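Here are the chains, one letter per residue:
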Amino acid sequence: MKRRKKTGMITANKLIDKFEAQYSFVDSQDSTFFLLTNKDAMRNKLVKVDLSKPTEFVDVIPETFDVLQWAKPVNNDLFLVSYLKDVKTSLQLYNQMGKLVKDFNIPIGEVVSLSTKKNWTEFYFKFASFLSPGTTYHYDFINDKMEVWHQTEVKGIELDTMETEQIFYNSDDGTRIPMFVVRKKDMKKDGKNPSLFYGYGGFGISLTPVFSVALLLWVHHYNAVLAIPNLRGGDEYGEDWHQGGTMERKQNVFDDFKSAARELTKLGYSNPKQTAILGGSNGGLLVAACTNQNPELFGAAVAQVGVLDMLRFHKFTVGYAWTSEYGCSDNAKDFEYLFKYSPLHTVKTGKEFPSLLLTTADHDDRAVPLHSFKYIAEVQHKLGNEPYQGNPLLIRVEEDAGHGQGKPVSKVLEETADVFGFIANQVEAKWLN
């Protein structure tokens, strides 16, 4: 900005005035600004621009196959950069010319917070993973040393008896999909282990490694497998990965999920009868669609607060905001592909459904409960009296509750106990102390 000598008025140098991309300020050096942007870079990049040449943006750290999540100035003239690399955090140091200075070797997990300033010669970051609720690390630039500053401990779960691995498999169209698997270290790959698949696949939400007591209790006390495939529709590989699971491409998400179940069966982790699938909201749609399309792949399915009527979801509460993700049945072209996978409209007879549990709440103002009510009614009507349908078809309705946020701890505990009790019973998982 320039101040006029005579009047004292300030004039602005225009840098960005079009809503065509995202820009985030990172740092400045004299008249040079450093910005994080997705302009012509779906996985983001770091650029610089000199105020004397406001139209000339120069790449500092170009776009790569990995998603550049953030960049922070440290140690005066360096950038600490976080990448999402195959759904795991990768921490790196770059100088202001874009040259890699250091690559920090951290295990499978995610950096969830950072504390530093540009003039500091140190930084702190908190790391979390499926097997760690939070470890805070301290790095000292002067001594080039990283050490554990604080470790959060969890009692009652032997974390050192479990491990996380990442495997890759091909979906129906050949796309390479990553999947995290958490299991006991001494688990035998004999195809006789109960397994639980958790999925979402939508709205650009990445399923990164996070700590969950409920999910770890499943692994620890049932000697079971937890699988989290990173389906298209998320942001694990940037906006193109997200778009690959939207609109008329939504079937890709379901194919990714079903292929994950087939892969673990093939590798000897589990078997269809002992495979359970779980998902909520958009993940509830995922579970119901996969159950309709290939019921023989699963022993149990739990769809929580799901979006299940894909022809009318936009007519209720905030549903219209989701048309950019799903499309809208008011449009003839969108109607054609929505009708093909809408769970409410694609329940088929002839095959036994896995044990099914829907959960909803009477005050859910997002995925309104009519989705679950109509779907369970359709399933029970078509399959409930069939002689081959021996598995239960159930719904759980929570009173005085909504979509999930703000739910009292007592209700969360009750629902979690019901869900995991149902899953364990249906896939014949035995509790082990």
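Look above for the structure.
Residues numbered from 1 in each chain as written. Predicted model: local features only at pLDDT ≥ 70, side-chain atom pairs only at ≥ 80, totals over all residues. Heavy atoms only, no water.

*Asks:* In this structure, what is going on with the packing of helix α3 (residues 251-266) against helix α4 (residues 282-293)? I would like to understand it.
*Replies:* Geometrically, a packed helix pair is captured by the angle between its two axes and the distance between the axes. Where α3 contacts α4, the two axes come as close as 10 Å, and the packing angle between them is 75°. Put simply, α3 runs roughly perpendicular to α4. Listed contacts from α4 to Q251, V253, F254, F257 and K258 of α3 are L285, L286, A289, C290 and Q293. Tallied by class, the residues present in the contact of α3 with α4 amount to seven nonpolar, two polar and one charged. (Axes fitted to C-alpha atoms, helices over the stretch in contact; angles between N-to-C directions. Helix = DSSP H or I, 4+ residues; strand = E, 2+ residues; numbered from the N terminus. Parallel < 35°, antiparallel > 145°, perpendicular 65-115°, else oblique. Contact = heavy atoms within 4.5 Å. Nonpolar A, V, L, I, M, F, W, Y, C, P; charged D, E, K, R; others polar.)

*Asks:* Got a minute to help me understand the nonpolar core in this structure?
*Replies:* One broad trend across soluble globular proteins is that nonpolar side chains are buried collectively. Counting 50 residues, the largest nonpolar core has M179, F197, L264, L356 and Y375 as the members making the most contacts within it. Not counting chain neighbours up to four residues away, the residues in contact with Y375 comprise A288, N292, L308, P343, L344, V347, F353, L356 and L358. Judged by nonpolar contacts, the second largest core, of 30 residues, contains V87, L207, V302 and F422. (Core = buried A, V, L, I, M, F, W, Y, C linked by side-chain atoms within 4.5 Å. Buried < 20%, exposed > 50% of the residue type's maximum accessible area, 1.4 Å probe, protein only.)

*Asks:* I keep staring at the sheet that holds strand β19 (residues 275-280) and nothing clicks. Help me out?
*Replies:* To summarise the sheet geometry, strands pair through backbone hydrogen bonds and adopt either a parallel or an antiparallel arrangement. Taken in spatial order, the eight strands make up an open sheet running β15-β16-β18-β17-β19-β20-β21-β22, and their pairing is mixed. With one partner strand each, in any of the chains shown, β15 (162-170) and β22 (393-398) form the two edges of the open sheet. Strand-to-strand twist of the sheet, defined as the mean angle between neighbouring strand axes without regard to direction, takes the value 20°. In the sheet, strand β17 (residues 195-198) pairs with strand β18 (residues 225-229) via three bridges, with the strands oriented parallel. Residue pairing for β18: F197 is matched across the bridge by A227. Set on the sheet, α3 makes contact with β15, β16 (176-184), β17, β18 and β19; between it and β15 the angle comes to about 115°. (Pairing = 2+ DSSP bridges.)

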